[in-house]
Amino acid sequence: MTNSLGDIEEAEAFFITGSNTTETHPVISYRVRRAKKRGAKVIVADPRRIRMAEEADVFLQLKPGTNVALLQGIAKVILEEKLYQEEFVREKCEGFDEFAEALQAVKLDEVSKITGVPEEKITQAARIYAGNKPATILYAMGITQHAQGTDNVLALASLAMLTGNMGKRGGGVNPLRGQNNVQGACDMAALPNVFPGYQPVTSEEARKKFEKAYGAEIPGKPGKPMTVMFKEALTGGIKGLYIMGENPVMSEADSAKAREALQKMELVVVQDIFFNETCEYADVVLPAASFAEKDGSFVNTERRVQRIRKAINPPGEAKSDTEIISELAGKIGLKGFNYSSQEEIMQEIASLVPKWAGINYKRMENGGICWPCPDENHPGTPILYTEKFLRESGKALFKPVTYQEPQETPDEEYPFALTTGRILYHYHTGTMTRRVEGLSSLYGAEKVWINQNDAEKMSINQGDRVKVASRRGEVTAEAMPAREVLEGTVFMTFHFAEACANELTNTAMDPVAKIPELKVCAVKVERA
């Protein structure tokens, strides 16, 4: 997030897109509703009429995968009606002329046809977002999990720059992370192309610094993202995987291919707190400790580094991730893993990551610190870009994008668009939440959400068993006819192994982020 959770409520307008905020980030949604009660405006864009749509001043129910077109339409209105912040654009940004020129080709009637959103609603949304300062953008995986995911984020950033909503309280572009330490994992280089603190592995200066600290030679070539690893495993390019806190048998697009890839591996190691579906394919399973069974730190969605403290001992042979990795390193002859405490690890991070140089356990006692925090006298940075941007010029860069259709669209054989997501009662692949009896009693099996009119045409009633099939696989689950879903669209989750939506999803990837197009693919639906 460019901004903090604390200043969200200061926004005068919210643009929420690709986020079922009420169900997946309920505490943040409460802040939005509280701001709404005092008069803030709310725009929601989503293929489903999610709960937050009921709070919206304007709801944009777009067809799955048409986000770039919608965002271009909003930008076009802001530009044509001169609602943009000329001073901010002139003094803080570059590339505006090229961006404005690219928007000349955008026609609002064509945007409406592509997205299914009426022109007047697109115009209304543009006027609300540009006309109420400060305005904040909240988004989640409904934006990123597309073949145009990177373009979606660039288009959102352009809206914030165009309206001068960067570097201000109540503004910004704010991705809502899916769980407590997704941000921290990225910060600590659980990415193929960076060292901790997003220092590029291609940088000779950064590489020498880490080589000196680690006493080992480090390749200067970026590694492979997980999606690429699984593809290459099918042809023998990847021979082993060490999987921590992940359940790719259910979370990867085209689950059948993920299973095939795991079966072809020479070695699969899974480290997790429960025996999940991927463990069935493991040669070795390492039982890990949960958050309550270890010391350390987490980083939340606002970049706040916070302490966690051990409350109970881990069960059986389970150990903390640090212990497991350190012991494994020792067994294969690696040096430098004999840490005496978690605090010592934090000290190492501060010595190697400039953005964390001022963070230590003592300073984290009172609620944590938002990075960047370059020294111990620095208070942390709840809001980014208040003075300048990270580019060499210190200015933000407008990047024009062009709408492209999803890699797979409905046709005569597969006439529905499937979109996926989470629900309030379960998280991700259900490794933890499906073990909670109370949650399972509320939502204990997969449901296929289908538009009421579509269901009536096929004589499908609530509770009927239906088969959903794509070009990759098929699942059977209970039908849930609903007005919340667009005609021609169905919605499913990936919480339930018995009928996981990722048996159906497409492995087409964003060319930059290499994230699969999990949010839209073509399917057919019939009574089982």
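These numbers come from a predicted model, not from an experiment.

**Some points on the sheet that holds strand β13 (residues 304–308)**
Pairing is antiparallel across the open sheet formed by 3 strands, whose spatial order is β12-β13-β14. The open sheet has two edge strands with one neighbour each: β12 (296–299) and β14 (369–370). One ladder, built from 2 bridges, connects β13 with β14; its direction is antiparallel. Residue pairing across strands places Arg-304 opposite Cys-370, the latter belonging to β14.

**Structural notes on helix α5 (residues 96–103)**
Taken as a whole, α5 has its buried residues at Phe-96, Phe-99, Ala-100 and Leu-103. Seen from one end, α5 has its buried residues packed into an arc of 95 degrees, which puts them on one side. In α5, those exposed residues whose orientation departs by more than 90 degrees from the buried face are Asp-97 and Glu-101. Elements that come into contact with the buried residues of α5 comprise α3 (67–80), α4 (86–92), β4 (93–94) and α9 (149–162).

**Looking at the domain arrangement of the protein**
Considered domain by domain, the protein is made up of domain 1 (5–175), domain 2 (178–222 + 290–308 + 340–375) and domain 3 (416–527). Put simply, the middle of domain 2 and the middle of domain 3, counted by C-alpha atoms, are 36 Å apart.

**Quick notes on the pattern of salt bridges**
Counted according to the given criterion, the structure contains 28 salt bridges. Through salt bridges with shared partners, a single ionic network connects Glu-408, Asp-411, Arg-471 and Arg-472.

**As for empty space enclosed by the protein**
The full count for this structure, using the stated rule, is 1 cavity of 30 Å³ or more. In this model, the largest cavity occupies a volume close to 80 Å³. Lining the largest cavity are Leu-71, Gln-72, Ala-75, Phe-99, Ala-102, Leu-103, Ala-155, Ser-158, Leu-159, Pro-400 and Val-401. For the lining of the largest cavity, the class distribution of residues is 9 nonpolar, 2 polar and no charged.

**Structural notes on the pairing of β12**
Summarising the sheet, β12 and β13 pair through 4 bridges and their orientation is antiparallel. Residue pairing across strands places Val-299 opposite Val-305, the latter belonging to β13. With antiparallel pairing between neighbouring strands as the criterion, β12 and β13 make up a hairpin whose turn holds 4 residues, including Arg-303 at a positive phi of roughly 70 degrees.

**Regarding a negative patch on the surface**
A contiguous patch of negative charge, built from Asp-109, Glu-110, Glu-119 and Glu-120, is present on the exposed surface. Of all elements in the fold, only α6 (108–115) and α7 (119–131) reach the threshold of two or more residues within the negative patch. Considering the arrangement of structural elements, one finds Asp-109 in helix α6.

**A look at the sheet that holds strand β16 (residues 416–421)**
Here 6 strands make up a closed barrel; going around it, the order is β16-β20-β17-β19-β18-β21 and the pairing mixed. Sheet twist, expressed as the mean angle between neighbouring strand axes with direction ignored, is 45 degrees.

**Some words on the packing of aromatic side chains**
One pass over the full model with this rule turns up 10 aromatic pairs. Relative to Phe-96, the ring of Tyr-84 lies with its centre 5.3 Å away and its plane at 40 degrees, an arrangement referred to as tilted. Separated by 12 residues along the polypeptide, Tyr-84 in the loop between α3 and α4 and Phe-96 in helix α5 bring together distant segments of the chain. Relative accessible area serves as the criterion here: at 17%, Phe-96 is assigned to the buried category. Each residue in the set Tyr-84, Phe-96, Phe-99 and Phe-398 is aromatic and connected to the rest through ring pairs, giving one cluster. The aromatic ring of Phe-491 is capped on one face by Arg-48, whose charged end is 3.6 Å from the ring centroid. Over the aromatic face of Trp-371 sits the side chain of Arg-303, whose NZ or CZ is 5.7 Å from the ring centroid.

Conventions and cut-offs
Once a new chain begins, its residue numbering starts again from 1 and follows that chain's sequence as written. The predicted nature of this model means local features are confined to residues of pLDDT at least 70 and side-chain atom pairs, given and counted, to a pLDDT of 80 or more, with totals for whole chains, interfaces and linings taken over all residues. Values shown for side chains rest on all heavy atoms present in the structure; no hydrogens or waters enter the calculation. When DSSP finds two or more bridges between a pair of strands, those strands are recorded as paired. Each helix is a run of H or I in the DSSP string that is no shorter than four residues. Each strand is a run of E no shorter than two, and both are numbered from the N terminus. Here the term buried applies to any residue with accessible area under 20% of the maximum for its type, exposed to any over 50%, and partly exposed to those in between, with areas from a 1.4 Å probe on protein chains only. Throughout, the arc means that of the directions going from the helix axis to the C-beta atoms. The contact criterion used is simple: two residues touch if any of their non-hydrogen atoms lie within 4.5 Å. Those domain boundaries reflect an automatic or database domain assignment. Take a side-chain nitrogen of Lys or Arg and a carboxyl oxygen of Asp or Glu: if they are within 4 Å of each other, that pair is a salt bridge. Lining residues are those with an atom within 4 Å of a point, where the points come from a 1 Å grid over the protein atoms alone and group into cavities, where a 1.4 Å probe fits but cannot get out, or pockets, open sets with protein on both sides within 12 Å along at least five of seven lines. Grid points are joined across faces, edges and corners, and a volume is the space filled by probe spheres set on the points. Any residue outside Ala, Val, Leu, Ile, Met, Phe, Trp, Tyr, Cys, Pro, Asp, Glu, Lys and Arg is labelled polar, Gly included; the first ten of those are nonpolar and the last four are charged. Like charges within 9 Å and nonpolar side chains (Val, Leu, Ile, Met, Phe, Trp, Tyr) within 5 Å are joined into patches, using only residues over 30% in relative accessible area that form no salt bridge. Residue exposure ignores everything except the shown protein chains as possible cover, and the areas themselves are Shrake-Rupley values with a 1.4 Å probe. In this tally, Lys and Arg are treated as positive and Asp and Glu as negative; His is ignored, and so are the chain termini. Charge coordinates come from a single atom per side chain, which is NZ of Lys, CZ of Arg, CG of Asp or CD of Glu. Angles here are taken between N-to-C directions and fall from 0 to 180 degrees, while the axes themselves are lines fitted to C-alpha atoms, restricted in helices to the stretch in contact. Each Phe, Tyr or Trp ring (for Trp, its six-membered ring) is paired with any other whose centre lies within 6.5 Å, and the angle between the two planes then decides the class: stacked below 30 degrees, edge-to-face above 60, tilted in between. Note on criteria: charge over ring means Lys NZ or Arg CZ within 6 Å of the ring centre, with the direction from the centre no more than 35 degrees off the ring normal.

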